[in-house]
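Chain and residue survey
Take a look at the letters that make up each chain.
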Amino acid sequence: MTTAKRKAKAPAAQPAFLPRLQEKPLETLGQLAGLGAAAGAVVSGLGFVTLRAREDLLGLSPSLTYPKQEWLVTGFDALGALLWRGLSVLASAHPVLTWSAWMLVLLVVGLALAARVPRRPVVLLATLVLSVLLLFAGSGFYRTALAANSPPDAGPSRGSRCGERLSANLADRAAFETCSWLVNDTPRNESLRNDLGGLLGWLLAACATAVLVSARMPAAGRKISWLRWSLCGAHALLALLLLRDLPRAHAYASWGLRYPQVQFREPCDPALARATVAESCRAFDVSAGAVRKVVFLQGSGCPEGRGGSFLHLGSSGSDGSECLVTLSSTRVIADVSDGANP
């Protein structure tokens, strides 16, 4: 009875940092604050690079200036979107995206199961070799599709043209199709852009699982140890390469080429106001939270031949929003003079 009572009164397990927090509270809180600041800086940096990727997708130059909080919000959005887009792609309307996502899920499960057979390292090593081959091939194909570039003889113009023909090359065909998701204004294409962005989450999950599994694999000899660390390094390198694609993937999925259509007010620019009301010249607000407004002009009716160019608004005391009237709908920026790609 006495032993049972002692066991009942035993304190519950505590997180490892709690004893340290009790012993050195100020030092521990300072370290936690430093880690939080470092994480915030990394997320802000990701947001900054993502906003630059959005501009690159548009062909926007020179680069815009954004508030610091916009960097942080965009960075958190890019990370959080990996989760919900990763779930969405499992039920994508495009069979290639769906099957690719489920294959990556099975790869993650296979790696986890192989790691639970410690007495047979050959099984885990074979799974890791298969994993690195599949992931290198899949990530290369994914990066080509994410670039959304058409064949060299009919390259896109500011990301708004996808070429005039399908190439016999499978990678070019994939890029042609993903480019068409940018320029064709339909709910299905918008959903497919999100699904393509979500596929990156499963690629990163598979790489991270392989790194953890190979790093925790028990050493069973010099050759096996060398092989498992080589596979660990290969998966880690691949994960870093895929992380470089995260800004582009988020910009492709979140913005694409879809922006609010606007009209100019008469006092700011009478000629542009008349042209945008008549829709002989279409104007799109592509600033996306920048300090000053930037408008993309498109159409043969734009005054002074300014169609296809960016117009930077605002001054030291204004962001230029007083010159614009935002319409209720957003539209994909497509070539209105020559027509969008089918």
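What counts and how
Residues numbered from 1 in each chain as written. Predicted model: local features only at pLDDT ≥ 70, side-chain atom pairs only at ≥ 80, totals over all residues. Heavy atoms only, no water. 1 Å grid on protein atoms, 1.4 Å probe; cavity = no way out; pocket = protein on both sides within 12 Å on 5 of 7 lines; lining within 4 Å. Points joined across faces, edges and corners; volume = space filled by probe spheres on them. Helix = DSSP H or I, 4+ residues; strand = E, 2+ residues; numbered from the N terminus. Nonpolar A, V, L, I, M, F, W, Y, C, P; charged D, E, K, R; others polar. Axes fitted to C-alpha atoms, helices over the stretch in contact; angles between N-to-C directions. Parallel < 35°, antiparallel > 145°, perpendicular 65-115°, else oblique. Left-handed = near helix turned anticlockwise from the far one by under 90°. Contact = heavy atoms within 4.5 Å. Buried < 20%, exposed > 50% of the residue type's maximum accessible area, 1.4 Å probe, protein only. Core = buried A, V, L, I, M, F, W, Y, C linked by side-chain atoms within 4.5 Å. Disulfide = S-S within 2.5 Å.

Below, the discussion takes up the layout of surface pockets. Reported here for the largest pocket is a volume of approximately 650 Å³. Forming the walls of the largest pocket are 26 residues, and the residues nearest its centre are Val96, Ser100, Gly138, Phe141 and Leu199. Sorting the residues of the lining of the largest pocket by element identifies α5 (95–114), α6 (121–147), α7 (170–183) and α8 (187–215) as the ones contributing at least two each. Residues that form the lining of the largest pocket fall into these classes: 20 nonpolar, four polar and two charged.

Pairs of packed helices are described in terms of their axes, by the angle between the two and the distance that separates them. Running from amino to carboxyl end, α6 crosses helix α10 (residues 246–254) at an angle of 45 degrees, the nearest separation of the two axes being 10 Å. Here α6 lies oblique to α10, going by the angle between them. In this structure, α6 meets α10 at a crossing whose hand is left-handed. Contacts between α6 and α10 pair Tyr142, Leu146 and Ala147 from the former with Arg248, Ala249 and Tyr252 from the latter. When grouped by side-chain class, the residues that make up the contact of α6 with α10 number five nonpolar, no polar and one charged.

Here Ser280 shows up in the loop between α11 (270–278) and β2 (282–285). Classification of Ser280 by relative accessible area gives partly exposed; the value is 35%. Counting along the chain gives 19 residues from Ser280 to Gly299, while the straight-line C-alpha distance between them is 6.2 Å. With near-sequence residues (within four places) excluded, Ser280 lies in contact with Ala275, Gln298, Gly299, Ser300, Gly301 and Cys302.

Turning our eyes to something else, we now look at the nonpolar core. In globular proteins that are soluble, nonpolar side chains generally tend to be buried together. Counting residues in each nonpolar core, the largest one holds 63 residues, and the members touching the most others are Leu58, Leu135, Tyr142, Leu200 and Val286. If you look at the next biggest cluster of nonpolar residues, it comprises 13 residues, including Val262, Ala273, Leu313 and Leu324.

All right, on to the state of the cysteines then. As enumerated under the stated definition, the model contains two disulfides in all. Linked covalently through their sulfurs, Cys268 and Cys323 form a disulfide whose S-S length is 2.2 Å. As the torsion about the S-S bond is roughly -80 degrees, the Cys268-Cys323 disulfide counts as left-handed. Within this pair, whereas Cys268 is found in the loop between β1 (258–264) and α11, its partner Cys323 is found in the loop between β4 (309–312) and β5 (324–332), the two being separated by 55 residues in sequence. On the basis of relative accessibility, which here comes to 13%, the residue Cys323 falls in the buried class.

Next up on the list: empty space enclosed by the protein. If a probe as big as a water molecule is rolled over the atoms, it shows which places are left empty. Applying the stated criterion to the full structure yields two cavities of 30 Å³ or more. Considering only enclosed or pocket space, the second largest cavity measures out at about 40 Å³ in volume. Taken together, the elements giving at least two residues each to the lining of the second largest cavity come down to α4 (68–89) and α10. With four residues, α4 is the largest single contributor of residues to the lining of the second largest cavity. Broken down by class, the residue content of the lining of the second largest cavity amounts to five nonpolar, two polar and one charged.

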